[in-house]
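Reading the structure
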Amino acid sequence: EALIAFYNALGGPNWARQTNWCSDKPLEEWEGVSTDNGHVCHLDLRSNNLTGQIPESLFELKGLKNLMLGENHLVGTLSPRFAELTDLKYLDLSYNNLEGNIPVEWAALTNLETCNLFDNRLSGVFPKEIYAMPNFDNAFRRFVQVQQFGYGFIFPATEGMINIGENLFLHPDGYALEYRMKDLSVPTEKDMQKILREAYKSLSDD
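What you see is a predicted model; the values in this text were computed from it and never measured. (Residues numbered from 1 in each chain as written. Predicted model: local features only at pLDDT ≥ 70, side-chain atom pairs only at ≥ 80, totals over all residues. Heavy atoms only, no water.)

1. Things to note about the overall build of the protein
Looking only at helices and strands, one finds five helices and twelve strands in the protein. The buried share of the protein, reckoned over its 206 residues, is 38%. In the protein, the share of contacts with a sequence separation of at least 24, taken over all contacts with a separation of at least 6, comes to 48%. Looking at the protein as shown, the accessible area adds up to about 11,700 Å², and 50% of this sits on carbon and sulfur atoms. (Helix = DSSP H or I, 4+ residues; strand = E, 2+ residues; numbered from the N terminus. Buried < 20%, exposed > 50% of the residue type's maximum accessible area, 1.4 Å probe, protein only. Contact = heavy atoms within 4.5 Å. Areas by Shrake-Rupley, 256 points an atom, 1.4 Å probe, with all protein chains shown as cover.)

2. Some thoughts on the pattern of salt bridges
Enumeration according to the criterion identifies five salt bridges in this entry. Ionic pairing is found between Arg 81 and Glu 56, a salt bridge with its closest N-O pair at 2.6 Å. Taken together, the positions of Arg 81 in the loop between β5 (73-77) and β6 (90-92) and Glu 56 in the loop between β3 (51-53) and β4 (66-68) put the pair 25 residues apart, joining distant regions of the chain. By relative accessible area, Arg 81 is classed as partly exposed at 26%. Of the residues examined, Glu 56 reaches a relative accessible area of 44% and is grouped as partly exposed. Arg 81 serves as the salt-bridge partner of Glu 84, at 2.8 Å between the closest nitrogen and oxygen. (Salt bridge = Lys/Arg side-chain N within 4 Å of Asp/Glu carboxyl O.)

3. Some words on unusual backbone geometry
Outside of glycine, negative phi angles account for most residues, and trans bonds account for most peptide bonds. Phi angles above zero are rare outside glycine, and Asn 37 is one such case at about 55°. Within the fold, Asn 37 resides in the loop between β1 (33-36) and β2 (39-44). The backbone phi angle of Asn 49 is positive, close to 65°, even though this residue is not glycine. Checked against the element boundaries, Asn 49 lands in the loop between β2 and β3. Look at Asn 49 and you get partly exposed, because its relative accessible area is 31%.

4. Thoughts on the sheet that holds β3
To summarise the sheet geometry, strands pair through backbone hydrogen bonds and adopt either a parallel or an antiparallel arrangement. As summarised here, the arrangement of the four strands in space is β3-β5-β7-β9, forming an open sheet in which the pairing is parallel. This sheet does not close on itself; its edge strands, each paired only once, are β3 and β9 (121-122). Note that β5 and strand β7 (residues 97-100) share three bridges and pair parallel. Bridge pairing in β7 links Val 75 to Asn 97. (Pairing = 2+ DSSP bridges.)

5. So, the pairing of β5
Alternating positions in β5 separate cleanly, Leu 74 and Gly 76 being buried on one face and His 73, Val 75 and Thr 77 remaining unburied on the opposite face. The pairing of β3 with β5 spans three bridges and is classified as parallel. Residue pairing across strands places Thr 51 opposite His 73, the latter belonging to β5.

6. Side note on the nonpolar core
Residues Leu 93, Trp 106 and Phe 140 are the most contacted members of the largest nonpolar core, which totals 42 residues. When contributions to this core are tallied by element, the ones reaching two or more residues are α1 (2-9), β2 and α3 (136-139). With four residues, α1 is the single largest residue contributor to this core. With residues near it in sequence (within four places) discarded, Trp 106 still touches Leu 78, Ser 79, Pro 80, Phe 82, Ala 83, Leu 91, Leu 93, Cys 115, Leu 117, Ile 130, Met 133 and Phe 140. Counting residues in each nonpolar core, the second largest holds five residues, with Leu 168, Leu 170, Ile 195 and Ala 199 among its members. (Core = buried A, V, L, I, M, F, W, Y, C linked by side-chain atoms within 4.5 Å.)

7. With respect to the sheet that holds strand β8 (residues 114-116)
Taken together, the five strands give an open sheet; going across it, the order is β1-β2-β4-β6-β8, and neighbouring strands pair in mixed fashion. Pairing within the sheet leaves two strands with one partner each, and these edge strands are β1 and β8. Each strand axis lies, on average, 20° off the axis of its neighbour in the sheet, ignoring direction. Relative to β2, β1 is paired through four bridges, and the arrangement is antiparallel. Pairing of Asp 36 across the sheet is with His 39, part of β2. (Axes fitted to C-alpha atoms, helices over the stretch in contact; angles between N-to-C directions.)

8. Quick word on helix α5 (residues 189-202)
An ideal rise of 1.5 Å per residue puts 20 Å on 14 residues; α5 measures up with 20 Å between its terminal C-alpha atoms. Burial in α5 covers these residues: Ile 195, Glu 198 and Ala 199. Each buried residue of α5 sits inside an arc of 100° when the element is viewed along its axis, so together they form one side. When the buried face of α5 is taken as reference, the exposed residues oriented beyond 90 degrees from it are Glu 189, Lys 190, Leu 196, Arg 197, Tyr 200 and Lys 201. Against the buried residues of α5 lie β10 (162-165), β11 (168-170) and β12 (177-179). (Expected span 1.5 Å × (residues − 1). Arc of directions from axis to C-beta.)

Shown next as structure tokens:
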């Protein structure tokens, strides 16, 4: 029942792959589903045209160890209820349109080994409790580093980028500034000052 509710909430009839979903077939024969002792332990629906907000029914699958929903069209914020999936080891929500920050409740995911959240619209300061997680280095450190250095908002190249200064572009939705380096060197403090001056001249000070 939880899987059927999940299917209906995320546009199941329009999924790219939906073999045996909502049928009388054993769950192991449903697309992307694996079980262990009668409990759903693995759900892999990457690149499958899932659309909408992650439904509450997902959190009824208490035996989940691997959850892979990357490269879809998920929206909304990260639910604190993920913390109820205490067996979770691998979580992939990358390449969606999720917003907000990681809830402090996620610190309860002490078995989490890998967490891929890249290429969403996440923002905010990480809760200090997340840093104390046993597997923080493997699960979150890279994402935290990227977000802290300003690369957390990753957008594909688009003709809509607005040129607002020397090698400085504004994303059309206003979510990010992009400075295009002339080579692969790491920006120096002088480079950063130049970038900030260009941004200050080009954007209103409000």
